[in-house]
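Structure assessment
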Amino acid sequence: MVTNNKTTLYWALLTFEDWHFYIASTSKGLVYVSSQNSAFEELIEWAKKRFPGSPLIEDNKKLEPYMVELIQYLQGKRKTFTLPFDYVGTPFQIAVWNALCDIPYGQTKSYSEIANAINKPAAVRAVGTAIGANPVLITVPCHRVIGKNGSLTGYRGGLEMKTQLLELEKGTSTSYE
């Protein structure tokens, strides 16, 4: 799905320890979190597809609240995100992404469990495709979805990043909920 209007996209580079992420928002909410240590071109290509012709403006101040929550999460101090999202996707994708947000911190679900959660039990492959299209890594926790047999499966950020996020969630004790 593509937006038709020329929505301004605000972006910033979030740096935490040896990781960096490009994040972007509209005036309505977070729309994008890049793969770990990705190139700026990943954000540019995504924006061209989802927001064609929209300006990309660097604005650390506007994105500061998102960066604060992401850093708290990466420090093991935050389990949930409170800032708004501005999803750009089909109704099916949005249903899947909302179901991902219902997976509790530190827990995992299978693709078939997500399909059942959105009342589309036969749509396991489509669920996998929707999860792969999730533009808001970490905050929409697609890293919490694993294979039915418990194996780690694909992740836009790479299996190393997925493993690190799952390990982070297993080892935290204090939080800002």
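These figures come from a predicted structure and were not determined experimentally.

1. Looking at the UniProt feature "active site" (unreviewed entry) in the protein
- Taking the numbering used here, the UniProt-annotated feature "active site" (unreviewed entry) corresponds to Cys 142.
- Mapped onto the secondary structure, Cys 142 falls in the loop between α5 (124-132) and β6 (145-146).
- Not counting the four nearest positions on each side in its chain, Cys 142 is found in contact with Leu 100, Ile 131, Asn 134, Leu 137, Tyr 155 and Lys 162.

2. Quick look at the side chain of Ser 54
- Positionally, Ser 54 belongs in the loop between α1 (40-50) and β4 (56-58).
- Judged by its relative accessible area of 13%, Ser 54 falls in the buried class.
- Side-chain polar atoms of Ser 54 contact the backbone oxygen of Thr 7, separated by 2.9 Å.

3. Concerning helix α2 (residues 60-74)
- Spanning 15 residues, α2 covers only 18 Å between terminal C-alpha atoms, well under the ideal 21 Å at 1.5 Å per step.
- Of all the bends in α2, the greatest measures close to 35 degrees and is centred on Tyr 66.
- All buried positions along α2 are accounted for by Leu 63, Tyr 66, Met 67, Glu 69, Leu 70, Gln 72, Tyr 73 and Leu 74.
- Buried residues along α2 sit against β1 (9-16), β2 (19-25), β3 (30-33) and α6 (159-170).
- At the N-terminal boundary of α2, the capping side chain belongs to Asp 59, with an oxygen 3.3 Å from the backbone nitrogen of Lys 61.
- Directly beyond the C-terminal end of α2, a positive phi value near 80 degrees is found at Gly 76.

4. Details of α6
- The end-to-end C-alpha distance of α6 is 16 Å, a good match for the 16 Å that 12 residues give at a rise of 1.5 Å each.
- Inspection of α6 places Met 161, Lys 162, Leu 165, Leu 166, Leu 168 and Glu 169 among the buried residues, and these make up the whole buried set. Along the long axis of α6, the arc covered by the buried residues comes to 155 degrees, so they all point the same way. Exposed and oriented more than 90 degrees from the buried face of α6 are Glu 160, Glu 167 and Lys 170.
- Where α6 is buried, its residues touch β2, α2 and β6.

5. Topic: the packing of aromatic side chains
- Tallied over the full model, the rule gives 10 aromatic pairs.
- Ring plane angle 55 degrees and centroid distance 5.9 Å describe the contact between Trp 11 and Tyr 22, whose orientation is recorded as tilted. Residue Trp 11 is located in strand β1, and its partner Tyr 22 is located in strand β2; the two are separated by 11 residues in the primary sequence.
- Residue Trp 11 is classed as buried on the basis of its relative accessible area of 13%.

6. Considering the pairing of β3
- Sheet topology note: the β2/β3 ladder contains 3 bridges and is antiparallel. When the sheet's bridge partners are listed, Ala 24 is paired in β3 with Tyr 32.

7. What about the domain arrangement of the protein?
- Split into domains, the protein comes out as domain 1 (9-75) and domain 2 (91-170).
- Relative to domain 2, the C-alpha centre of domain 1 lies at a distance of 20 Å.
- Contacts between the two partners involve 14 residues from domain 1 and, on the opposite side, 15 residues from domain 2.
- At the boundary of domain 1 with domain 2, total buried surface from both sides reaches about 1200 Å², with 63% on carbon and sulfur atoms.
- When residues of domain 1 are sorted by the area they lose upon contact with domain 2, Trp 19, Val 33 and Tyr 73 head the list and together hold 44% of the total.
- At the boundary of domain 1 and domain 2, one finds 1 salt bridge.
- A salt bridge links Glu 42 to Arg 156; its shortest N-O distance comes to 3.0 Å.

Cut-offs used in this document
Per chain, residues are indexed from 1 in the order of the written sequence. The predicted nature of this model means local features are confined to residues of pLDDT at least 70 and side-chain atom pairs, given and counted, to a pLDDT of 80 or more, with totals for whole chains, interfaces and linings taken over all residues. Only hydrogens and water are set aside when side-chain values are computed; all heavy atoms of the structure are taken into account. UniProt positions are given in the numbering used here, feature names are shortened, and annotations may be inferred rather than shown by experiment. Helix and strand definitions follow DSSP, with helices as H or I runs of at least four residues and strands as E runs of at least two, each counted in order from the N terminus. The contact definition used throughout considers only heavy atoms, calling two residues in contact when any of these lie within 4.5 Å. For each residue, the accessible area found with a 1.4 Å probe, counting protein chains only, is set against the maximum for its type, and the residue is called buried under 20%, exposed over 50%, and partly exposed in between. As used in this structure description, the phrase polar contact means that two N or O atoms lie within 3.5 Å; if the pair is within protein, one of them must be able to donate a hydrogen and the other to accept it, and residues adjacent in sequence are counted only when both atoms belong to side chains. Here the expected length of a helix is defined as 1.5 Å per residue gap, with one fewer gap than residues. Take the seven residues that end at a residue and the seven that start at it, fit an axis to each, and the angle between those axes is the bend at that residue. This arc is taken over the directions from the axis of the helix to the C-beta atoms. Pairing of aromatic side chains requires ring centres within 6.5 Å, counting the rings of Phe and Tyr and the six-membered ring of Trp. Pairs whose planes differ by under 30 degrees are stacked, by over 60 edge-to-face, and all others tilted. For two strands to count as paired, DSSP must find a minimum of two bridges between them. Start and end positions for the domains come from either an automated domain assignment or a database one. As used here, buried area is the combined drop in accessible area, with a 1.4 Å probe, of two parts when they are placed together. The rule for a salt bridge is simple: a side-chain nitrogen of Lys or Arg has to be within 4 Å of a carboxyl oxygen of Asp or Glu.

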